[in-house]
Amino acid sequence: MSLEVEGGGATSDPVADSPLAGRRKLRHVIADHPSMIAAGLMLLAIVVAVVLAPLIAHARPDQIVVTDRLKGPSGAHLFGTDNLGRDILARTLYGGRTSLEIGLVVALISVGGGTLIGLLVGFYEIVDMIVMRIVDGLMALPALVLAISMIGVLGAGTTTVVICLSIVYIPRVVRVIRGSVLIIRKSTFVDDERALGQSEPYILFRHVLPHCMSPVIVQASFIFSYAILAEAGLSFLGVGIPDSVPSWGNILTDARSYISTAWWMSIFPGLAIALTVLSLNVFGDGLRDMLDPRLKER
Amino acid sequence: MSSQIVEVGPAVSAGTSVLEVENLSVSFPRRGGDLKALTQVSFQVKPGEVVGLVGESGCGKSLTALSIAGLLPAQCRVEGSIRLRGKELTSLSPTDRRALGGQEIGMVFQDPLSALHPVLTIGDQLTEGPRRHFGLARTAARERALDMLHRVGIPQTRNLLDEYAHQLSGGMRQRVMIAMALMCEPRLVIADEPTTALDVTLQAQILELLRTTTMDVGASLVLITHDLGVVSQVCDDMVVMYAGQVVEAGPTSRVINESRHHYTAGLLGAVPLPGERRRRLQTIPGTVPQLDRMPTGCRFAPRCGSADEQCRTEPALEPTDVGTSAKCWHPLPPGRGLARVLESAVEPAAPRTDAVPREPLLSVRDLRREFKSGSVLRRKVVEAVKGVSFDIAPGETFGLVGESGSGKSTVARMVLRLIDATDGQIMFDGGDLRATRGRRLRQKRRDIQMVSQDPYGALNPRMTIGDLMIEPFRLHQLGEPSTWKSQSVAMLEEVGLSSSMLRRYPHQLSGGQRQRVAIARALAPKPKLIVADEAVSALDVSVQAQALNMMKDLQDRYQVAYLFISHDLSVVEYMSHQIGVMHLGELVEVGSPVEIYHHAQHPYTQKLLSAIPPVPWLNAK
Amino acid sequence: MGHYMFKRLLLVLPTLVVPIVLIFTLLRLAPGDPAVVMLGDQATAEQVAKLRASLGLDQPIYSQFGDWVGQLLHLNLGHSIFFQQSVLSTITDHASVTLQLTLLSFALAVVVGVAGGMLAALYRGRIVDRVVMILAIIGVSLPEFWFGLNLIFLFAVTVRWFPVSGYIPLADGFFASERSLVLPALCLGMIQAAFIARLTRSTVLDVLTEPFVTTARSKGLPERIVVLKHIARAVLVSILSTIGVILGLLLSGAVAVEVVFALPGLGQLLVDSVGRRDYPVIQGVVLATSLTFVAINLLVDFLYALVDPRVRYE
């Protein structure tokens, strides 16, 4: 049960709460959210590894060595080799570039677009009526089914994947942002600002938008992770990134036929996806707890 | 009234207490030291007695109730003793304690809608207690429930048992809550602000019902409230709490008329009394201290005018000359309680009789507002405001009083042009406000400002007080940009705040301070009218008095008119030159405070007046 | 109640229109002449013209749309180019597998997820909570298809408890059929259970702060009753409202799982049809899923009204 400690909750130590006490605050953040910090460091490590791929992997990802086919992990090939004798470590690292890039771009497009639409929708009722019906319609389709059918018609390719995934995720962001705008719009200070004589756009951008920033940031981290999963899924199914480009999903497609003979082909790239997505999710959870005081302690 | 199920329990011999709380302390474990929320609280409840626990929010009243009922979170540390009919509760196992509590203690909470389960039927919720504790069969329990509902004034013709909480009205829900508390015929009923969430006209009725039905089943009643009127109306004894301690206790009439503690006297002086319009409210400076920053020694000393060196050590709760007890080194001399407060009241000044009737600042004529709801097929049109007309003279206050849903806030929002009127006329300062739009309207807004109810929500929580204060100056280009900051500081000082506030965020301020900032912001553009919608309702009594006094002072200084809206007739009467009574969307009566108080014409106004405890507490039991 | 359902029904219509319009527009947006794309490079001009005429591509766009919608209303989804049979029967052939898989995983997900989430919330901060929440966040981070591959490796390749892949139809015996679905359902269900557990936990924590929980405790009811009756009721009502979302996630996941386990379901059909450029089937599958989805959501609304009196008496 919750029990407000009477008088204890309303105001707390003004020094600790002031944003000016920056350094002290940072220490608190680290102490209070150890898992989020760990996840952040893990993400950083993954990004560094992927960027420095040429320095870490000895081979090129598409270098075929027929004599080295289906070799298990060894000193020469840490993650083993695939059915064409390509180095799995190199493929995983270079594949990570593709997957992370697509995830990031999709996250930026859907969160940017979704936030803008969500703000307008939450503030102007007429726009709301029309846009929300479209959003409902788009959300009435399972995400992957929608993406596959769009790609099926438009043809596979990196750009198509990015566009399709953005179309899939924008409605989700719109919903979340609209939700918080509706709450903020009801709060008294928006009325107060209007009564003071502020113009609507000023209220929208100066007062409402900052309040939506926490959900925006949190959504960005989650959509990043969904997009990585979805891209991997699409590529695995053969309707995503073309085979010629290594991506985590593509590597796993190759691995599928060798599941009983060469476990390393699926384990390492799979772990890469899982670790990246896990770190993003833990990071996102931590961000949400930190930015949304209402959910704190939950 | 059927009485077959009233089996008055084993008679407690006279003199022994139903409940004895002794040196009760409660603390919450926290990083960096425990938070002590209650310190050495002691009081007793005798059979058939009504005891009031009084104090402002943050004083530990509700926590005391939860401790007695055994409903504290598990991590709380409880010390001291709680004896129910001689049985020590603190040493019982949690399971036994809860089972015993359910039978012997009935609880009534503040907001019946959230305290009743949303998807269980009323019958289910009423019967589960006796079925559990007495092993009653379903039908027997339902009969008992029906009987109990009848006793709390729900007609037998209406079977509520298969209905749900949201289908009932607010008063009905609280009756159900009371019936639920009495289902097991407890020895003790604890009611935590049982009428605060209800409409004014219902409050007195429900309170009386609570008292009589509780007595009827032979239980004692502990009533927790911030409302001194409520206490004087029904309580035999009262216990005044401040900052987690008992500061004064004793028979209600003596504590009220012969207060010995400065806090009790201060609280009494802070409440506006009917008919005492010209009296300046007494205030208690500052606010209730927070748990983690308790003053050492007497906890009230920092807010007390008579504090001296001795008050740095803690006084004991000691008997006074009038048979009460008070926790004070320098108890007030005799004759300094409510009696003194009333004597010191200045005689009402003669109503202003201006020779020339002045041109009204705001003139509202036949204002209407409809709300459409429902779907396209079943369109429902609700008339929230049905033709309201009134005038406000420059520099005067028009008080609008009414219950929730009476349409008073809708009128405010129409005057502020936050929503459009369906029909009618709003003339402001010689111009037609309803016809003003766009940029012209935004300029006009400078002259009509608002102070809203919720001091938490009214300020953007992400901006500093400094940024918030500069906004009106920048928006309306008041003076040179270089002077905005100093003007802000001047405005803050005007409402009794210092420039140290500038860098703080709203959540770092107390409720009273936030409301001051809201008032300073509204005053900054030097408006001609301020619409104050329940502006002081969320504040504690002593802080409310500070705000009311300040608003009056500012009116005198700046000649600003107020449209002052409240559900509290006494507050409206204290503030206003003219009062309008709203009921179901109509303005049923308009008049001067004297006219409203002494010659109320409309039955609804009379009903509102009768809901106020009969002229003050002098005749308290 | 009747009024409420009617209102829901009205609100659902636009939800159906969007996918229909989207599919139609997508086909027009498709690069190149659909007829050419469908027939391949070797087609003669006459063949293309004939297909164009039969597809109505020579008509103006609005009448094409009108015709198409008219066909839809007669449940005529066109002909599969690959299967040489009507799209409708192609879909019904594949639907039963997906239906079985989804229902099995759904049951598994709800039971495991709700129980786990409740436990975690009620023992918040304790070891149970930690373990459940760590498993749950790992669960939501795993790609279904990779989880499936690992399950195959563990249970079908290493210990050989279940078939590696493939589907045994219901006609060949109920248990044999269900056995072939155990691994896929486990794969899909456990990942959804992770979502549900996270959702349940936060819902329970919300409900725990509600005053009616204190009321129930104040009546002296044992904690067991407070949890199982008062808290669980309120939690289930609010979880029921998210079943639509959960089923959407399940259907998405089913596509990948069907491919991994080589189950001849709708997901497999969709992916294969993309490879075969069998546009009428793609259209049909998307329409069928969105229709099912909308129907499920209506059903959920209906159930919701049944269990939550606040909706019923609105």
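Computed from a predicted structure; not experimentally measured. (Residues numbered from 1 in each chain as written. Chains lettered and ligands numbered in written order. Predicted model: local features only at pLDDT ≥ 70, side-chain atom pairs only at ≥ 80, totals over all residues. Heavy atoms only, no water.)

*Asks:* Whenever I open this one, the sheet that holds strand β11 (residues 317-319) of chain B confuses me. Can you help?
*Replies:* Adjacent strands of a sheet form backbone hydrogen bonds with each other and so pair up, either parallel or antiparallel. Residues and elements named next belong to chain B. Across the sheet, which stays open at both edges, the 8 strands sit in the order β6-β7-β8-β3-β9-β10-β12-β11 with mixed pairing between neighbours. Both outer strands of the open sheet, β6 (105-108) and β11, are each paired with one neighbouring strand and no more. Shown here is a sheet whose adjacent strand axes are inclined to one another by a mean of 20 degrees, direction ignored. Across the sheet, helix α6 (residues 170-182) touches β6 and β7 (188-192), and the angle it forms with β6 is around 170 degrees. (Pairing = 2+ DSSP bridges. Helix = DSSP H or I, 4+ residues; strand = E, 2+ residues; numbered from the N terminus. Axes fitted to C-alpha atoms, helices over the stretch in contact; angles between N-to-C directions. Contact = heavy atoms within 4.5 Å.)

*Asks:* Even after reading the chapter, I still don't get the interface of chain B and chain C, so can you show me in this structure?
*Replies:* Interface extent is often summarised as the accessible area lost during association of the parts. Each side of the interface is counted separately: chain B has 29 residues, and chain C has 28 residues. Broken down residue by residue, the surface that chain B buries against chain C is led by B:Arg98, B:Val119 and B:Glu128, which jointly contribute 24%. Counting the contacts that link chain B with chain C gives 4 salt bridges. Here chain B and chain C share 11 residue pairs in polar contact (both at pLDDT 80 or more) between them. Elements supplying a minimum of two residues to the side of chain B that touches chain C: α2 (94-104), β6, α3 (112-115), α4 (122-134) and α6 of chain B. Ranked by residues supplied to the side of chain B that touches chain C, first place goes to α4(B) with 5 residues. Split by residue class, the side of chain B that touches chain C holds 15 nonpolar, 9 polar and 5 charged. (Buried area = accessible area lost by both parts, 1.4 Å probe. Salt bridge = Lys/Arg side-chain N within 4 Å of Asp/Glu carboxyl O. Polar contact = N/O pair within 3.5 Å; in protein donor to acceptor, adjacent residues only side chain to side chain. Nonpolar A, V, L, I, M, F, W, Y, C, P; charged D, E, K, R; others polar.)

*Asks:* Is there a simple way to explain the packing of aromatic side chains in this structure?
*Replies:* Aromatic ring pairs are described here by two measures, namely the spacing of the ring centres and the angle between the planes. All names here are of chain B. Summed over the entire model, instances satisfying the criterion amount to 10 aromatic pairs over all chains. Geometrically, the ring pair formed by Tyr-242 and Tyr-263 is tilted, given 4.5 Å between the ring centres and 55 degrees between the ring planes. Taken together, the residues Tyr-242 in strand β9 (residues 237-242) and Tyr-263 in helix α10 (residues 262-270) connect sequence positions 21 residues apart. The residues Tyr-242 and Tyr-263 share a single accessibility class, namely buried. Consider the rings of Phe-390 and Phe-398, whose centres lie 4.5 Å apart with planes at 5 degrees: the pair is stacked. (Phe/Tyr/Trp six-rings, centres within 6.5 Å; stacked < 30°, edge-to-face > 60°. Buried < 20%, exposed > 50% of the residue type's maximum accessible area, 1.4 Å probe, protein only.)

*Asks:* So what exactly am I meant to see when it comes to the interface of chain A and chain C here?
*Replies:* Each partner contributes residues to the interface: chain A has 46 residues there, and chain C has 50 residues. Interface of chain A and chain C: buried area, both sides summed, is about 4300 Å²; carbon and sulfur atoms make up 75% of it. Taken together, the connections running from chain A to chain C amount to 1 salt bridge. C:Arg198 is the partner of A:Asp285 in a salt bridge, and the nearest nitrogen-oxygen pair spans 2.9 Å. Those elements giving two or more residues to the side of chain A that touches chain C turn out to be α6 (125-139), α7 (143-154), α10 (200-236), α11 (248-256) and α12 (264-291) of chain A.

*Asks:* Help me understand the pattern of salt bridges in this model?
*Replies:* Note on pairing: side chains with opposite charge can pair once their charged atoms come close. Counted by the stated rule, this structure contains 41 salt bridges over all chains. Residues B:Asp420 and B:Arg417 are paired through a salt bridge, measuring 3.3 Å at the closest nitrogen-oxygen approach. For B:Glu471, the salt bridge goes to B:Arg521, with nearest N and O atoms at 3.1 Å. Taken as a pair, B:Glu471 in helix α14 (residues 465-475) and B:Arg521 in helix α16 (residues 511-523) lie far apart in primary sequence, 50 residues in all. Judged on exposure class, the residue B:Glu471 and its partner B:Arg521 are both buried. Through salt bridges that share partners, A:Asp191, A:Arg194, A:Glu200 and B:Arg413 make up one connected network.

*Asks:* What am I meant to see in the nonpolar core here?
*Replies:* Ranked by size, the top nonpolar core spans 158 residues in total, and within it B:Leu188 and B:Phe564 carry the most contacts. When residues no more than four places from it in sequence are discounted, the contact partners of B:Phe564 are B:Thr397, B:Phe398, B:Gly399, B:Leu400, B:Ala532, B:Val536, B:Leu548, B:Met551, B:Val571, B:Val572 and B:Met575. (Core = buried A, V, L, I, M, F, W, Y, C linked by side-chain atoms within 4.5 Å.)

*Asks:* Sorry, what's going on with helix α8 (residues 174-208) of chain C here?
*Replies:* Counting along an α-helix, one turn takes 3.6 residues, and residues three or four places apart therefore face a common direction. Here α8(C) is 35 residues long, yet its end C-alpha atoms lie only 43 Å apart, well below the 51 Å a rise of 1.5 Å per residue gives. Taken as a whole, α8(C) carries its principal kink of about 40 degrees at C:Val182; the proline C:Pro184 stands between one and four residues after it. (Expected span 1.5 Å × (residues − 1). Bend = angle between axes of the 7 residues up to and from the residue.)

*Asks:* Explanation requested: the pairing of β9(B) in the structure shown.
*Replies:* Two faces, one strand: in a regular strand the side chains alternate between the faces of the sheet. All names here are of chain B. Burial within β9 is extensive, with 6 of its 6 residues counted as buried. In β9, alternate side chains face the same way, and those of Asp-237, Val-239 and Met-241 on one face and Met-238, Val-240 and Tyr-242 on the other are all buried. As paired elements, strand β3 (residues 50-54) and β9 share 4 bridges and run parallel to each other. Residue Val-54 lies in a different strand from β9, and its bridge partner there is Val-240. Where β9 meets strand β10 (residues 245-251), 6 bridges bridge the pair, whose relative direction is antiparallel.

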